[in-house]
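# Examination of the molecular architecture
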Amino acid sequence: TKTWVRDIFSATVAPLPDSPNGMCVAVIHGSGFLYHQIRMIMSLMFHIGRGKEKPYLISDLLDIEKVQSRPEYEMASD
């Protein structure tokens, strides 16, 4: 049986030590990841961080009653 459900156990974002330009590192632990899932998550985080989207967007996208399809955002670069 195929399932598209994945559990994310933890996610953290922290400044990269000694980064001259303020880069951060994201660490995400989960039961598994769908194809390009992390790149899509990072793209949404960039949009939120730049003020182009509101933080509640993540909760809205996780509610399959509100959003029943994949969001139309460009993926973050690899």
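So, how was this worked out
Residues numbered from 1 in each chain as written. Predicted model: local features only at pLDDT ≥ 70, side-chain atom pairs only at ≥ 80, totals over all residues. Heavy atoms only, no water. Helix = DSSP H or I, 4+ residues; strand = E, 2+ residues; numbered from the N terminus. Contact = heavy atoms within 4.5 Å. Areas by Shrake-Rupley, 256 points an atom, 1.4 Å probe, with all protein chains shown as cover. Lys, Arg positive; Asp, Glu negative; His and termini not counted. Charge placed at Lys NZ, Arg CZ, Asp CG, Glu CD. Salt bridge = Lys/Arg side-chain N within 4 Å of Asp/Glu carboxyl O. Buried < 20%, exposed > 50% of the residue type's maximum accessible area, 1.4 Å probe, protein only. Patch = residues over 30% accessible without salt bridge, like charges linked within 9 Å, V, L, I, M, F, W, Y side chains within 5 Å. Expected span 1.5 Å × (residues − 1).

This part is about the overall build of the protein. The number of helices and strands found in the protein is 2 helices and 2 strands. Its helices and strands in sequence order give the protein the pattern β-β-α-α, from N to C terminus. When contacts within the protein are restricted to residue pairs at least 6 apart in sequence, those whose partners lie at least 24 apart make up 39%. As displayed, the protein offers around 6600 Å² of accessible surface, 57% of which is attributable to carbon and sulfur atoms. For the protein, the distance from the average position of its 8 positive side-chain charges to the average position of its 9 negative side-chain charges is 3 Å.

Within this structure, the stated rule accounts for 1 salt bridge. Salt-bridge contacts for Lys66 lead to Asp60; the nearest nitrogen and oxygen are separated by 2.9 Å. A residue is classified by how much of its surface remains accessible, and Lys66, at 56% relative accessible area, is exposed.

Right, let's talk about the environment of Glu74 for a bit. Relative to the helices and strands, Glu74 is located in the segment after helix 2 (57-62). On the accessibility criterion, Glu74 (68% relative accessible area) is exposed. Between the C-alpha atoms of Glu74 and Leu44, which are 30 residues apart in sequence, the distance is 9.0 Å.

On the surface, Leu16, Met23, Val25 and Val27 cluster together into a nonpolar patch covering about 300 Å² of accessible area. Positionally, Met23 belongs in the loop between strand 1 (8-15) and strand 2 (24-30). With a relative accessible area of 46%, Met23 lands in the partly exposed category.

This next bit is on helix 1 (residues 37-49). Between its first and last C-alpha atoms helix 1 spans 18 Å; for 13 residues at 1.5 Å apiece the expected length is 18 Å, and the two agree. Close packing links the buried residues of helix 1 with strand 1, strand 2 and helix 2. Of the residues one or two after helix 1, Gly51 is the one with positive phi, at around 80 degrees.

Let us look at the side chain of Ser43. On the secondary structure map, Ser43 appears in helix 1. Judged by its relative accessible area of 3%, Ser43 is buried. With residues near it in sequence (within four places) discarded, Ser43 still touches Tyr73, Glu74, Met75 and Ala76.

Such coordinate-based values are descriptive only and should not be taken to indicate function.
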